[in-house]
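Per-entry structural report
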Amino acid sequence: MIIKNNRELKSRYHELTGGDIFIGNLSLKHLKQTLLIDMIERGIRCLPSALAQILSSSKAAQAFVLKEWMLPHTRVIPRRSDLLEALNAYNKNGIGPVITKQDGMHCGHGIRRWETMETLYSFMALDPSNYPFVLQPFQEQFTDVRVIIVDDYVESYTRSNPHNFRVNITLGGTDSAYDLSAHQESFCRTVMQRGKFPHAHIDLMVLSDDTCFLSEIALNGGIKGARISREELDQKKMALLEKLASKKN
């Protein structure tokens, strides 16, 4: 059995058996992780993979699992004691301004800059509801590159904003075409392979020496600045997932 949408999944969930396939992003927000684990345990295959769906919905999960490809000293801060440990480590390494990424927030709304770790700690100590979050050194000079990959379709463009370090186009940023190198594409596909992403929207930080780091990855994302339309992109994603399902079924 192949299930292709969330409505059908909900109505036939308890009929599923090992070898059945669900195609799509699970939309049951508060039950998502529970149901993905349950389907894995029952031998039900998910496309995109359960891992990709979890990573796509959590910046903290990404920073933990995909840390190898992120900016050095990137950390997940799940509780106050971890923040104190990070404070010591950052100060020891002479790291000044930092940024935090709040889990579950998108379009740059959850990204904040702090001039010192002490300022960050003083604020976070007053509001424990902000945990978990991602902590990174503030990187002032870099090129922000959005990469869209679906099978053999690859598109990339830069995003910039001289008035705000948040470069999201929805927050006033502008885009321009970008020629992705073979090395950068290989970097993106390696990250996708580790996170079991069949397709992805990837944000890269490219430094002046062409070193690149992963900023974020998602199964879906904004396409302002892209040449491809949302309809065409969604069609490519579904065609890829159906092709993968036919190979596994």
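Residues numbered from 1 in each chain as written. Predicted model: local features only at pLDDT ≥ 70, side-chain atom pairs only at ≥ 80, totals over all residues. Heavy atoms only, no water.

1. A closer look at the overall build of the protein
The helix and strand inventory of the protein stands at eight helices and twelve strands. In terms of overall size, the protein behaves like a compact globule, its C-alpha atoms giving a radius of gyration of 19 Å where 249 residues would be expected to give roughly 18 Å. Judged by the C-alpha coordinates and their principal axes, the protein covers about 55 × 40 × 30 Å. Within the span of the protein, comprising 249 residues, buried residues form 47% of the whole. Partitioning the intrachain contacts of the protein with sequence separation of at least 6 by distance along the chain shows that 57% fall at a separation of at least 24. By element, 51% of the accessible surface of the protein is carried by carbon and sulfur atoms, the whole surface being about 13,000 Å². (Helix = DSSP H or I, 4+ residues; strand = E, 2+ residues; numbered from the N terminus. Rg over C-alpha atoms; globule rule 2.2 N^0.38 Å. Buried < 20%, exposed > 50% of the residue type's maximum accessible area, 1.4 Å probe, protein only. Contact = heavy atoms within 4.5 Å. Areas by Shrake-Rupley, 256 points an atom, 1.4 Å probe, with all protein chains shown as cover.)

2. Some details on empty space enclosed by the protein
Over the atoms rolls a probe the size of a water molecule, and its path tells where empty space is left. Within the structure shown, the criterion is met by two cavities of 30 Å³ or more. Within this model, the largest cavity holds a volume of roughly 40 Å³. If you trace the largest cavity, you find it lined by K59, Q62, A63, M70, K101, V134, Q136, S215 and E216. Listed by contribution, the elements that provide at least two residues to the lining of the largest cavity are α4 (59-65), β7 (133-137) and β12 (212-218). Of all the elements, α4 adds the most residues to the lining of the largest cavity, at three residues. In this structure, the second largest cavity spans a volume of roughly 40 Å³. The wall of the second largest cavity is formed by T100, K101, Q102, G110, R112, M124, N130 and F133. Its residues assigned to classes, the lining of the second largest cavity shows two nonpolar, four polar and two charged. (1 Å grid on protein atoms, 1.4 Å probe; cavity = no way out; pocket = protein on both sides within 12 Å on 5 of 7 lines; lining within 4 Å. Points joined across faces, edges and corners; volume = space filled by probe spheres on them. Nonpolar A, V, L, I, M, F, W, Y, C, P; charged D, E, K, R; others polar.)

3. Brief notes about the packing of helix α5 (residues 80-92) against helix α6 (residues 117-124)
The relative placement of two packed helices is expressed as an angle between their axes plus a distance between the axes. Running from N to C, α5 and α6 cross one another at 170°; their axes reach a closest spacing of 10 Å. As summarised for this structure, α5 and α6 are arranged roughly antiparallel, according to the angle between their axes. On α6, the residues touching R80, L83, L84, A86, L87, Y90 and N91 of α5 are M117, E118, L120, Y121 and M124. Of the residues contributing to the contact of α5 with α6, the split by class is nine nonpolar, one polar and two charged. (Axes fitted to C-alpha atoms, helices over the stretch in contact; angles between N-to-C directions. Parallel < 35°, antiparallel > 145°, perpendicular 65-115°, else oblique.)

4. Concerning the sheet that holds strand β9 (residues 153-160)
On the basis of which strands lie adjacent, the open sheet formed by five strands has the order β10-β9-β8-β11-β12 and antiparallel pairing. Edge positions in the sheet fall to β10 (174-177) and β12, since each has one partner strand and no second. For this sheet, the mean angle separating the axes of adjacent strands, direction not counted, is 30°. Looking at chain direction, strand β11 (residues 199-206) and β12 are connected through six bridges and run antiparallel. Residue pairing for β12: V206 is matched across the bridge by C212. (Pairing = 2+ DSSP bridges.)

5. Describing the nonpolar core
Considering soluble globular proteins, one finds that nonpolar side chains tend to be buried as a cluster. Of all hydrophobic cores here, the largest spans 25 residues; its most connected members are V147, F197, I202, L204, L214 and I217. Looking at this core, the elements that each hand over two or more residues are α3 (50-56), α4, β8 (143-150), α7 (182-195), β11 and β12. Beyond its immediate stretch of four places on either side in the chain, L214 contacts L66, W69, M70, L71, F187, V191, I202, D203 and L204. Among the nonpolar cores identified, the runner-up in size contains 15 residues, and L87, V98, W114 and L135 belong to it. (Core = buried A, V, L, I, M, F, W, Y, C linked by side-chain atoms within 4.5 Å.)

6. Some details on the environment of M238
As for its position among the elements, M238 is in helix α8 (residues 230-248). As for M238 and G24, which are separated by 214 residues in sequence, their C-alpha atoms are 8.3 Å apart.

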